[in-house]
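Fold and geometry: a report
Residue strings, one per chain:
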Amino acid sequence: MPKTTVLFASNIDDPAPWKALFARERPDVEFRIWPEMGDANDITHALVWRIPNGVLKSLPNLRAVFSLGAGIDQIVVDPDFPREKPLFRLVDAGLREQMTEYALYGVLHWHRRMRDYAAQQAAQQWKMHPAVHPSKRSVGVMGMGVFGSDIACKLASLGFEVSGWSRTPKSVDGVTSFAGEKGFSSFLARSEILVNVLPLTDETRGILSTRLFDQLPGGGALVHLGRGGHLVEADVIAALDTGKLDFAMMDVFPTEPLPAVSPLWTHPRAFVTPHIAAQPVDDAAEKLVIENFNRFERGEEPVGRVDLSVGY
Ligand code: NAP
Ligand code: GLV
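Small disclaimer: the values here were computed from a predicted structure and weren't measured.

Rules used in this analysis
- The numbering scheme is per chain: residues are counted from 1 as the chain's sequence reads.
- Chain A is the first chain written and ligand 1 is the first ligand written, with later ones labelled in order.
- Reporting in this predicted model follows two pLDDT cut-offs: at least 70 for local features of residues, and 80 or more for side-chain atom pairs to be given and counted; totals over whole chains, interfaces and linings ignore these cut-offs and use all residues.
- The side-chain quantities take in all heavy atoms of the structure and omit both hydrogens and water.
- What we call a nonpolar core is a set of buried Ala, Val, Leu, Ile, Met, Phe, Trp, Tyr and Cys residues that are connected through their side-chain atoms within 4.5 Å.
- Type-normalised accessible area, obtained with a 1.4 Å probe on protein chains alone, sets the label of each residue: buried when under 20%, exposed when over 50%, and partly exposed for intermediate values.
- Residue ranges labeled as domains rest on an automatic or database domain assignment.
- Here a residue-residue contact requires only that any non-hydrogen atoms of the pair lie within 4.5 Å.
- Accessible surface is computed with a 1.4 Å probe, and the buried area is the amount of it that two parts give up when combined, taken over both parts together.
- For this document, the term salt bridge refers to a Lys or Arg side-chain nitrogen within 4 Å of an Asp or Glu carboxyl oxygen.
- By the criterion applied in these results, polar contacts are pairs of N or O atoms within 3.5 Å in which, for protein atoms, one can donate a hydrogen and the other can accept it, and in which residues neighboring in sequence qualify only through two side-chain atoms.
- Note on residue classes: Ala, Val, Leu, Ile, Met, Phe, Trp, Tyr, Cys and Pro are nonpolar, Asp, Glu, Lys and Arg are charged, and everything else, Gly too, is polar.
- Definition of nearness: a residue and a molecule or strand are near each other if at least one heavy atom of the residue lies within 4 Å of the molecule or strand.
- Note on areas: Shrake-Rupley, 1.4 Å probe, and residue coverage restricted to the protein chains presented here.
- Numbering goes from the N terminus for both helices and strands, where a helix is a DSSP run of H or I of at least four residues and a strand is a run of E of at least two.
- Between any two strands, pairing holds if DSSP finds at least two bridges.
- Here the axes come from fitting lines to C-alpha atoms, over the contacting stretch only for helices, and the angles between their N-to-C directions go from 0 to 180 degrees.

1. Overview of the nonpolar core
Counting 51 residues, the largest nonpolar core has W18, F22, L47, V141, L155, V195 and L225 as the members making the most contacts within it. Built from parts of two domains, this core gets at least three residues from each of domain 1 (5-93 + 280-297) and domain 2 (95-272). Apart from the residues lying within four places of it in its own chain, the contact partners of L47 are V6, L7, F8, A9, W18, F22, F31, F66, L68 and V289. By size, the runner-up hydrophobic cluster in this structure holds 27 residues, among which are L188, A239, L240 and L245.

Have a look at this one:
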């Protein structure tokens, strides 16, 4: 039987800890790092954040692909991605707490008017604004999966009026569920603060557009930590300029890094972060990947199989 060989490919991840992981846990497996792939016939598994289009298709003995992220859009963007191969993503893997921290930070930043107070401090101005009880603030969470349901649950525990939107209805304590196209307008109409943590699919691409912003109550906030492809940059700028949105905290952008010419860098109502809402901080992702890899090898079902018919 040919040797098991993993091909690692990422433009953002350091391969060293992953190479060490396989050397430690699976010394029988050969670990190659793109672009030093060697003979394409040898590769049996791929561990990928992003790999040039067409490479995965060119691997005749490829058995499975493991994503180095919770999202997989950056992999399946390849028009030649071999869709018949099983694809697994990171589920939680130590990212959930960080995603929730980021979302809560954005919501609280706007809710407690911290942007105004920071400007006042810069002007040495002592001025109090009226407080708003969280029960009088409605927050809508788009995407109620691993991350969204935790965000919604924690926001509800702080006393916010929380709704969630997903493809299928959800039951989360203290959270009103809206589902599908049918529930979308009602969900938006009650989302003074909108948190986006959807995956990027054909259905969700460009969803943060004027059409959506027009359906919000107006004068509220956006906290966007899903994927850059959700955001129509010109539309969010227009919404901020007209006050349809008072504030937008954004972690992901259609082009990353955000180009120097983007007006979002300096927009007074925008808060830009460089795709850091969640980053691998411990070995949780490594543990999950090696466990998944071993399960797959034993013929057991790994966690996080992606359903390409729905795109996530
Ligand atoms: P997940 O568990 O698969 O959850 C996805 C959620 O989105 C589900 O609730 C799903 O509905 C809903 N959804 C998908 N398509 C929809 C549609 N067309 N209409 C309505 N709802 C839809 O994913 P996750 O693990 O929470 O991750 C979510 C995303 O976070 C990732 O895909 C990635 O893009 C992003 N992310 C960002 C960062 C960052 O640093 N900014 C880090 C990690 C991940 P159902 O529940 O009905 O299936
Ligand atoms: C990061 O963005 C991920 O998908 O894990």
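2. Considerations on the domain arrangement of the chain
Frequently, the measure chosen for interface size is the accessible area removed from exposure when the parts meet. The domains assigned to the chain are domain 1 (5-93 + 280-297) and domain 2 (95-272). For domain 1 and domain 2, the distance between their C-alpha centroids amounts to 32 Å. Tallying the contact residues gives 12 residues for domain 1 and eight residues for domain 2. When domain 1 packs against domain 2, the two sides together hide about 780 Å² of surface, and 52% of this comes from carbon and sulfur. Area buried by domain 1 at its contact with domain 2 is led by A70, D73 and D92, which between them contribute 59% of it. At the surface where domain 1 touches domain 2, the tally comes to two salt bridges. Among the salt bridges present, the one from R96 reaches D92, with a minimum N-O distance of 2.9 Å. Seen at the junction of domain 1 and domain 2, the total is five residue pairs in polar contact (both at pLDDT 80 or more). Here the residues of the side of domain 1 that touches domain 2 sort into seven nonpolar, two polar and three charged.

3. What about the site of ligand 2?
Around ligand 2 sit W49, G69, A70, G71, L95, R227 and H275, and that is every residue in its neighbourhood. In this structure, G71 approaches ligand 2 through a main-chain N or O atom, which is 2.9 Å from an oxygen atom. Contact between ligand 2 and H275: an oxygen atom at 2.8 Å from a side-chain N or O atom of the residue. For the shell around ligand 2, the class distribution of residues is three nonpolar, three polar and one charged.

4. Digging into the site of ligand 1
Around ligand 1 sit 28 residues in total, of which R89, M144, T168, K170 and Y312 are the nearest. Contact between ligand 1 and R89: an oxygen atom at 2.9 Å from a side-chain N or O atom of the residue. In the environment of ligand 1, an oxygen atom lies 2.5 Å from a nitrogen or oxygen atom belonging to the side chain of T168. Within the complex, 92% of the 950 Å² of free accessible area of ligand 1 lies under protein. Looking at the shell around ligand 1, the elements that each hand over two or more residues are α5 (146-157) and β7 (161-166).

5. Focus on the side chain of S166
Within the fold, S166 resides in strand β7. Sequence-distant contacts of S166, that is, excluding residues within four places in its chain, are made with M144, F178, A179 and G180.

6. With respect to the sheet that holds strand β9 (residues 193-196)
Reading across from one edge, β8-β7-β6-β9-β10-β11-β12 is the order of the seven strands in this open sheet, with parallel pairing throughout. Each having just a single partner strand, β8 (175-179) and β12 (270-272) make up the two edges of the open sheet. Across the sheet, the axes of successive neighbouring strands diverge by a mean angle of 15 degrees, strand direction being ignored. Two strands pair when backbone bridges link them, and strand β6 (residues 138-142) and β9 are joined in this way by four bridges, in the parallel orientation. Looking at β9, one finds that V141 is bridged to V195.

7. Remarks on the pattern of salt bridges
Scanning the entire structure with this criterion turns up 21 salt bridges. Among the ionic pairs, E30 bridges to R32, the shortest N-O distance being 3.0 Å. A relative accessible area of 30% means that E30 is categorised as partly exposed. If you follow the salt bridges from partner to partner, you end up with R26, D28, R63 and E297 in one network.

8. Notes on the sheet that holds strand β4 (residues 64-67)
Sheet architecture is open: five strands sit in the order β2-β1-β3-β4-β5, paired in parallel fashion. Both edges of this open sheet fall to β2 (30-33) and β5 (87-88), since each of them pairs with a single strand only. Here two bridges tie β4 to β5, and the two strands are oriented parallel to one another. Counted as the bridge partner of V65 is L87 from β5. Running at roughly 170 degrees to β2, helix α1 (residues 15-25) makes contact with β1 (5-9), β2 and β3 (45-48) of the sheet.

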